[in-house]
Structure formats: C-alpha cells, structure tokens
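Commentary on secondary and tertiary structure
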Protein chains: 4
Amino acid sequence: MGHFLDNTFTIISGPCSFEGQDQIREHLDCLETSKYLRAGIFKLRTNKDSFQGLRARGIEQMSALKVDHNFCLVSEVVSMQSLEALKDVVDIIQVGTRNMYNYELLKELSKQSKPVILKRGLSATIDEWVQAAQYINSDENQVILCERGIRSFESKYRNTLDLNAVSYLKQKTNYKVLVDPSHGTGNTFMIEDLSKASMAIGADGILVEAHFNPAQALSDAHQALTLPQLRGLIQNLNSLAPHFNKKVVF
Amino acid sequence: MGHFLDNTFTIISGPCSFEGQDQIREHLDCLETSKYLRAGIFKLRTNKDSFQGLRARGIEQMSALKVDHNFCLVSEVVSMQSLEALKDVVDIIQVGTRNMYNYELLKELSKQSKPVILKRGLSATIDEWVQAAQYINSDENQVILCERGIRSFESKYRNTLDLNAVSYLKQKTNYKVLVDPSHGTGNTFMIEDLSKASMAIGADGILVEAHFNPAQALSDAHQALTLPQLRGLIQNLNSLAPHFNKKVVF
Amino acid sequence: MGHFLDNTFTIISGPCSFEGQDQIREHLDCLETSKYLRAGIFKLRTNKDSFQGLRARGIEQMSALKVDHNFCLVSEVVSMQSLEALKDVVDIIQVGTRNMYNYELLKELSKQSKPVILKRGLSATIDEWVQAAQYINSDENQVILCERGIRSFESKYRNTLDLNAVSYLKQKTNYKVLVDPSHGTGNTFMIEDLSKASMAIGADGILVEAHFNPAQALSDAHQALTLPQLRGLIQNLNSLAPHFNKKVVF
Amino acid sequence: MGHFLDNTFTIISGPCSFEGQDQIREHLDCLETSKYLRAGIFKLRTNKDSFQGLRARGIEQMSALKVDHNFCLVSEVVSMQSLEALKDVVDIIQVGTRNMYNYELLKELSKQSKPVILKRGLSATIDEWVQAAQYINSDENQVILCERGIRSFESKYRNTLDLNAVSYLKQKTNYKVLVDPSHGTGNTFMIEDLSKASMAIGADGILVEAHFNPAQALSDAHQALTLPQLRGLIQNLNSLAPHFNKKVVF
C-alpha cells in the first residue's frame, strides 16, 4: 500500500520522548486505530545534562510493544550507531533539524530502504534543504520533507513556522511535505490553527506531539497536546479534509 | 452595517498603484459587484527615481471614478499631508509596512474616524505592532492589523509570510487581522495557497494585488494576479468559506 | 572647517533624551571641551504612554543652553513639524532607525543644508539604506550613515551590531559611516569593545549614550554610560587613534 | 608551551580544502615559520556532487608532509569515522558550523585530549553554542569557540560576522574565542578590516582561508586570500598587536 499517498493527509502523533510502555499504550488506546506513532528513543538536547532518551532500554521496550500492537514507528536517528540500533524497530526514520546538515549521516541513510522524514534545519534555505534530501535519495527509499519552523526575531512562538515553504515545495518539487506545528510554534494553543492551515496549503500531513500527561513529559512538555486535545484535532481535520480532496490517515 | 464583521472574510483587491481610470474600470467590471478596491495614490518606493504615485492628479481622477462607481477605496497614507489630501476620497486608510513605526503619523490617525489597516513592519515584533496599533486606536475608529511578511534569510520568496502571527493575534487580542499574500510572498503562484491557509487559520480577509495587465504595471508587476486569476481566487475562497463559517465579501 | 573629516574619529555623546539644563551642563562640564552633543528632544517610543520627549519646552531650554555653551547639537527629527521646530537649535539632524523608510520626511531633508545622520533601519539591507540616503542627498547637504544594529534571533544583546556593513560601505561608497554601539548592543559592558572595533574597521566615529545618572534616565537607562565611563572611553579611543591614522574629535 | 595563550593573537591560515602536497608546501614556504595550518581533508558540501575532500588519500599525503615540515594541523571532523581516521595527523580538531548541534559527535570529542575549535552554528544562540561546548569539555581537553558569521537577511556578504558575540563571550565566559572572517563575510576585500576589528574587540585569533591560486581552489575560491595578501595581513596585524597587548603567533 505505501505511505504518504497523493490524496491522504497523514497525522503522525506521539510523545516527544518515549518514556515507557504505559505511555504508548495509553496513546494507542486513545486513538484506537492509530497507524502512525512518533516517539523519540534517542534525543538530542541542548543541555548535556538533560534526558537523552531511553536508548538501548527504549529499543527493547519498543520491540516488546510492537509484538502486541500494530503501528508504524517514526523515530529519530542521531548518529550512525543509533541507525544501526534502531533498525529492527523503526518503520520510518526521522532526521531532526539539528542533523539536516550532517551529510555523513545522510549518506548512510541513502544506503537503506526505509522512508526518511527530513526536517528542515533551523535556518536552512529551501535550496540547502532540497540538496540535503538529495544526499539521502536513492532508488530504494523515499524522502519526505518536514517544515518545523525557522529561527526569527519573534519570541511569542518558539520558532516561526514557514508555510510558504510548503507551498513552494509542493509546486516546485515532487517531494511530499509534512508540517510539525508543535515545534513550529511551541504553543499548544496554536497547533490546531496551524494544522488546518497546513492542510489548506497543500501539505501531506502533520507531525504532532501529544502526551498522556504533558505536565510530566521529560521533554517539550509545554508544546504537547493532551490525548483528548489530539483526538479533537484529528476529528476536526477529518471533517475538513474532503473539502481539500484529502482523506485523513493517522 | 460596517466592515470586517465576525463572520465575513473580506477580499480587498486592486492594483498596487493607481495608474488611471481605465485600469480601475476594467478591475470593477471584472468583479461586477466589487465593494472593496485597493489602489495606491501615494507610493513609497525604495528608489527615489521610481514612480511615486499619481498623487494630486490621482486624487482628482479617483474622485471622478467614485461619482459613477460604488466602492470602498483602501489607499495608503504616507505622511500627514497625504492624509489631508486623501480625506475626501479614501474610505479605509492603509498604513504601509515602512510607516508602522512612524508614530507621529499614527498619532494623527487617532484623531480621525475612518478605519485604519496597519501593516506589520518589516521585522516588527508582535508586541511592537500591537503597541503601534494603540497609537491609532480611539473611541471613534477601528484598527485592523495586516500581516504582510517578515524579513528572513530565505530568498525564494520576497518576504516570509508569518501566519503564526495571525493565529496568535486572533487568540490573544481583539483585533481583526488581514493577510497580504501578494507582498507576503511576492510570487503569484503562491497567492492562492496562502490565501486558503489564511482563511483556514482564522484571518478576517486578504489584501491582494491584481492588475488588468501585470506586465505593464508601474510597480510590483511580478506579484500581481491577472483579473481572471483574481476571479478564480475569489470563486475558490467562496467555495471554501462555509466550511470555516465565513462568508466572502469582496 | 566642517565635520567628519577623513582623518578624524568623531565621538558624539550625550543622553538619549534631553531632560533638563542641569543634565546637559553636567555632561559638558565632564567633557570640558566637548564639541558634539547628542540629545533627543522629540522621542519615538514603542509605547504610546512612554515619555515622548520635552518637545517645545525642550527646544526653549536647549536654545537657552546654547547661549552660554558652545557645542554642535545632534538631535532627531521625527516628522516635518519637528524639523521646522528644531531648525534654530539643531546643528546636525538625526533620522532614527524607525524613520529610515519614511521617504516623505527624507525628501524634506533634501531641501535643507544641515548634515543628516541617517541610521540604518531595523532590518534594512545595505541597498535600501544607501537608496534612502539618496532621497536626502543634495548639493547643499551631507549625509552620514550610522550603523546601529540589526534585528536577529540573538537575545543576549538588544540588537546585533553589524560591523560588516561599515567595512562594506567604506570600501564601496563615499559615505562617512558612524557606529552606535549603545543601541547596537544595549549593554554598557560591550560599548568599549565595540567602539574600538569600530575604529579598527574604519568607521568615522561613534554615537554613544551617556547620562549623569543612568539609573534615573527617562529612556534607555540600561545602555547609558556614566560620565566617568564616557571619559574613560574617550581616553582609550584617543590613545588608540594614532595607530589607525585617526585623530579623536568629541 | 600550549596554544592560545592569554597574550597571543593566533593566526591559523590555509586552504579550505587540502588538494595536494604542493599546495601546502607553497603555503608553508610563503609564511616561512608558520606554526598553524588549516586544511580540510573531509569536506561537508551543500551539494552531494561537490568535491568531498581527499579523505583517506589526503590523510596519507598529509602524514608524508608532516615528516618534513613542522606545523600544527587544524582540520575538521565530520563524523566519528573521520575522527578515528584523522587521529594521527590532526593536532587541533575543528567542528564546523554544520555539526555544532551534532551532539553525538561532540560527546565523542569529550573522550579525547586534543584541543577542539567549535564553530558557531549558522543561527545558533550564544546559549546553545556554549552548551554545545560543554558537551566536549573535559578535564583533558580545551574547547575554543570560533565565531564564523550568522545567517541574516543581508546578501552583500555570505554571512553576517557577529563580533558582538566575541565581546560577550570574552567577558562572560572563560573560553578563548577565534574569528573566521573568511566564512564570516565571504568577501576577500573585507577580511583585513574584520581581522583588525577582531583583534580590537579582544578575540584570541583568526582562522583565515588562503590559497596559492584561489581561482583554481576546489572550494570557497571566492573568499580565499592569495599568499601575498595573507603575508600582508599578518604583517599588518603584527604591527597592530602591541597596542592591544598581544603578540601575533601564526
């Protein structure tokens, strides 16, 4: 069947960091038929003393979860070692904003066949971003671009989500383009607005952070939706989708 | 009745510069029932030798046009003198991006009762923009904010339209908020996408440049829609509006 | 004789806002032979309720001061009215960052013969800045450019002083170029470093804020040097100047 | 003895890419007593089809050169593999702007004892940069920060060299701070100005690109000084240094 088809709007949701099996079970229960789950097992943190992800222990626990549950795991690689470590558990590989220019890692990703979501660098131009994608592209894999906000002078939002890029890329390239309104704004109260705008502008889906208890999240607590909020968001996007000739998949 | 009601999505269109009566007649004919027309009579140009608007002559011609046609004229003031000169012909006053910080002009605008569209400064923070609006605000008038793109490192588009600002302002303030996708992107091929996204995100309307012959426009030729393109845009926004509980007015 | 000669490094100092005669007398006393004084009589403030300058009252008091003291007053025009009001008291006219794009005001300045210091707009490109200068330039007057920091993502300093612009302009144009390290950084502890770097890079002088009692300044208190700090700064620049074939004038 | 002492201003020069033994011999001959040489053996290029460095072959040739010549090699690591490969030939390790956020690589660098020059990310805040340094810092090694220009809206220079950062870091942290005016501006005609300003502001040295034949350089040809230009630059900085209580080392 394949992912990211022309007429689908894909909602990939989950916690910023994978913190334990209960967290994921609650998430999957809430969405019932969830197909796509994002969860960071390796984390890149500005501060070296911040939580760096469950890593080896997380892979083990995630493998156990996948025995009983059916979902596509989207998770970030942060190095060649993590790519090797994740290979049996991850379905769609994410390259984070901090590694968009890590060309040695991108070259490695061109040698494998899983789809790769490539986030835009913090202040990457569109040309740099597309050229980074070309490092990964091969006959075997698919690269999906993900706009996640650029750095600007404005401090009301964590980053400045650049929807112009989505319009530009959808018209000038053949890449599928996702939007991450969670990192893009850093404000839960803006996520639904930006998600609807993403659909209206022609994006192929969103990557959105949700947590069964945001206040206790080990990372990015302030930008995670609660599970009921996530369910509401999906419902609203689902109602809107037909007017944009799209079908929501999540 | 009033402008910019809660459930309306207002499309203000017209040429960047007012160049003559035929230009406007063709525009109005094309739209048939157009209520809102934008046309610059005083122009602020980066280069002192560029066309600076028809000015006195333009006011005379515009007055003549208004005798036979029924429309609200949106036009930019560039100084106190131009405010005085425009007062009998303009219905809604526009303050351009270059004058957002021109507080002496803003104070003058607080003394009159016409609605004022205040464009965001090139790199104005939301706080600065809202505080500029407070210079104009009075019991007698209404200030409408207009997002028109901020300056960033990206060169694929003339400016980086910041839809985040619309979401933020609609939720945190009581201002009506318009979007100018023409200046916001500088690319005609992106205008429809960004207009739809503006509606989806909750904007109260758009300000869009159109010209009966873009190739010969005296300013901003590259970002003006043709009249058929404008009509198509209005039609598409009109179809979309009910799904966002809006009614298109233009 | 004239200002801003090729081999001089001009230090223009004074308070952000003119607050009263004692303030200026203390300043002049401290510097003994000060030739250049900056003091704002009309102020442009982000918040409409902030102190807007002494205005008419300030002009009166400044005139009185000039009877007894010999200095060149550098002061900002904020509108055509303020230009008219200041004309008997100001020696060198300053156009602030907020008015760099106010072309109607710039045109008016081309009709008079006093030197004009044109600050760079908050996010103005070098091309826009030079073209703004061309609005003012005439056979009668001199335009001096003043770099005062651009807007960036960095929040450790109020603005990001762009010394690259000084090097570029000095090599590619004939304009004299000043630097304003006070607004450029907003941090008193950085002013001396940036002043020395300005001299080293080839700037023609600096515009620096000082106050006899910064803690009580009515505007920009946090970036004003004390008078002893200012005296120390002048001394240090004076020692350095010969190594750059410059003579300090202040 | 050690590198980067308090009273030294260190000039590290060389070609962007190591292209062959003759290139380096000409460079060393020109400078006679050069102690510090920069030369990229592994290159990170925006376009995957651009020259990626001599890599294994370069290490072999560089080793041969070091048998006959006495210099400290500064060269960039681009991955853990390249760190391993370079370990016998490199004296001071450089982390480029694209890898400042590559925390997995930074952690690896904390386990070795060679000095590490950490360039600022393209739009990294000072806080992020200092925190990245803390990933590398250990009891065994020394981290030196290198300002190399941030991304802004200005297109006259490749990047906007941010000397404010140098002043801030020298006063608020204990790190040695270098400046790279070659990448910082991308214009050879600006390099001397910015180098002098770097010395004036308190930087501990510069990293500058030079090539025996810039027109034929395999990367960054437009920003490389010729060898005579480099010799002139060193001479001029040498004359200036005593006035800043510094001694030039190169």
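Residues numbered from 1 in each chain as written. Chains lettered and ligands numbered in written order. Predicted model: local features only at pLDDT ≥ 70, side-chain atom pairs only at ≥ 80, totals over all residues.

1. Let's talk about the overall build of chain A
Filter applied, for reference: In this text, helices come from DSSP runs of H or I with a minimum length of four residues, and strands from runs of E with a minimum of two, each type numbered from the N-terminal end. Radius of gyration: C-alpha atoms only; globule rule: 2.2 Å multiplied by the number of residues to the exponent 0.38. Counting other C-beta atoms within 10 Å of its own, a residue is labelled buried from 20 upward, exposed at 12 or fewer, and partly exposed in the gap between, with every C-beta atom placed from the backbone.
Assigned secondary structure in chain A consists of nine helices and nine strands. The C-alpha atoms of chain A give a radius of gyration of 17 Å, which matches the 18 Å a tight globule of 250 residues would have. C-alpha atoms of chain A, sized along the principal axes, occupy 40 × 40 × 40 Å. Among the 250 residues that make up chain A, the fraction classed as buried is 57%.

2. Quick notes on the relation of the copies chain D and chain C
Here is the rule we go by: A least-squares fit on C-alpha atoms brings the copies together, and the residues used are those whose pLDDT is at least 70 in both copies.
Superposition of chain D onto chain C requires a rotation of 180° combined with a translation of 0.0 Å along the rotation axis, giving an RMSD of 0.0 Å. As the rotation angle and translation indicate, the two copies are arranged about a two-fold axis. No C-alpha of chain D lies nearer the rotation axis than that of A197(D), which sits 2.1 Å from it.

3. Quick notes on helix 5 (residues 126-136) of chain A
Convention followed: A residue pair is marked as a contact if its C-beta atoms, positioned from the backbone, fall within 7 Å.
By the burial criterion, the buried members of helix 5 of chain A are I126(A), W129(A), A132(A), A133(A), Y135(A) and I136(A). Buried residues along helix 5 of chain A sit in contact with helix 4 (103-109), strand 5 (116-119), strand 6 (143-147) and helix 6 (163-172) of chain A.

4. Focus: the interface of chain D and chain C
Note the threshold: Under the scheme applied here, ten amino acids are nonpolar (Ala, Val, Leu, Ile, Met, Phe, Trp, Tyr, Cys and Pro), four are charged (Asp, Glu, Lys and Arg), and all others, including Gly, are polar.
With 30 residues of chain D at the contact, the number on the chain C side is 30 residues. For the side of chain D that touches chain C, the secondary-structure elements that each account for two or more residues are helix 6 (163-172) and helix 8 (188-201) of chain D. Considering every element that reaches the side of chain D that touches chain C, the biggest residue donor is helix 8 of chain D, with nine residues. When grouped by side-chain class, the residues that make up the side of chain D that touches chain C number 15 nonpolar, ten polar and five charged.

5. Re the relation of the copies chain D and chain A
Each copy of the sequence occupies a distinct position, and chain D is placed on chain A by a rotation of 180° and an axial shift of 0.0 Å, giving an RMSD of 0.0 Å. A share of 100% of interface residues in chain D that are also interface residues in chain A marks the association as one of identical surfaces.

6. A look at the interface of chain D and chain A
Tallying the contact residues gives 19 residues for chain D and 19 residues for chain A. Of all the secondary-structure elements, those providing two or more residues to the side of chain D that touches chain A are helix 4 (103-109) and helix 5 (126-136) of chain D. In terms of residue count, helix 5 of chain D provides more of the side of chain D that touches chain A than any other element does, four residues in total. Tallied by class, the residues present in the side of chain D that touches chain A amount to six nonpolar, eight polar and five charged.

7. Some remarks on the environment of L105(D)
Residue and element names in this part refer to chain D. Tracing the backbone through its elements, the reader meets L105 in helix 4. In this structure the C-alpha to C-alpha distance between L105 and V78, which are 27 residues apart in sequence, comes to 8.3 Å. Those residues in contact with L105 that lie beyond four places of it in its chain are V77, S79, M80 and N99.

8. Concerning unusual backbone geometry
Phi is positive for D220(A), which is not a glycine, with a value near 55°. Assignment of secondary structure puts D220(A) in the loop between strand 8 (205-209) and helix 9 (227-240). Residue D220(A) is classed as partly exposed on the basis of its 19 C-beta neighbours within 10 Å. With a phi close to 55°, R55(C) is a non-glycine residue in the positive phi region. R55(C) sits in the partly exposed class, given 17 other C-beta atoms within 10 Å.

9. Considering the packing of helix 6 of chain A against helix 8 (residues 188-201) of chain A
Residue and element names in this part refer to chain A. Under the convention used in this document: Simply put, an axis is a line fit to the C-alpha atoms, just over the touching stretch for a helix, and the angle between two N-to-C directions goes from 0 to 180 degrees. An angle below 35 degrees is treated as roughly parallel, one above 145 as roughly antiparallel, one from 65 to 115 as roughly perpendicular, and anything else as oblique. Here a crossing is taken to be left-handed if its near helix is turned anticlockwise relative to the far helix by less than a right angle, and right-handed if that turn runs clockwise.
For the pair helix 6 and helix 8, the least separation of the axes is 10 Å and the interaxial angle reads 20°. When the axes of helix 6 and helix 8 are compared, the pair comes out roughly parallel. In the packing of helix 6 onto helix 8, the handedness of the crossing is right-handed. Along the contact surface, helix 6 presents L163, V166 and S167, while helix 8 presents A197, S198 and I201. Broken down by class, the residue content of the contact of helix 6 with helix 8 amounts to four nonpolar, two polar and no charged.

10. Focus: the confidence of the model for chain A
Residues shown with low pLDDT carry predicted positions that ought not to be read at fine detail. The criterion, for reference: pLDDT runs from 0 to 100 and stands for how confident the predictor is about each residue.
Per-residue pLDDT for chain A has a mean of 96; in total, 100% of the residues score no lower than 70. Interface confidence for the predicted complex, expressed as ipTM, amounts to 0.97; the pTM equals 0.97.

11. Remarks on the environment of V248(C)
Residues and elements named next belong to chain C. Summarising the element assignment, V248 is placed in strand 9 (residues 247-249). The class of V248 is partly exposed, set by 19 C-beta atoms lying within 10 Å. With 238 residues separating them along the chain, V248 and T10 place their C-alpha atoms 5.9 Å apart.

12. What to know about the pairing of strand 6 (residues 143-147) of chain B
Residues and elements named next belong to chain B. Note the cut-off: Note: two strands are recorded as paired if DSSP finds a minimum of 2 bridges between them. Handedness of a crossover: with both strands directed away from the viewer, a clockwise path from the first strand across the helix to the second marks it as right-handed.
Counting buried positions along strand 6 gives five out of five residues, so the element sits mostly inside the fold. Direction of pairing for strand 5 (residues 116-119) relative to strand 6: parallel, over a ladder of four bridges. Pairing of I117 across the sheet is with I144, part of strand 6. Each parallel crossover has a hand, and the one from strand 6 via helix 6 (residues 163-172) to strand 7 (residues 176-179) is right-handed.

13. Description of the environment of E154(B)
Position of E154(B) among the secondary structure elements: in the loop between strand 6 and helix 6. For the pair formed by E154(B) and V177(B), sequence separation is 23 residues and the distance between their alpha carbons is 24 Å.

14. Considering the pairing of strand 8 of chain A
Residue and element names in this part refer to chain A. Burial runs high along strand 8: five of the five residues are buried. On strand 8, burial covers both faces: G205, L207 and E209 on one face and I206 and V208 on the other are all buried. Of the strand pairs in this sheet, strand 7 (residues 176-179) and strand 8 are connected by two bridges, and their pairing is parallel. Following the sheet pairing, L178 is matched in strand 8 by G205.

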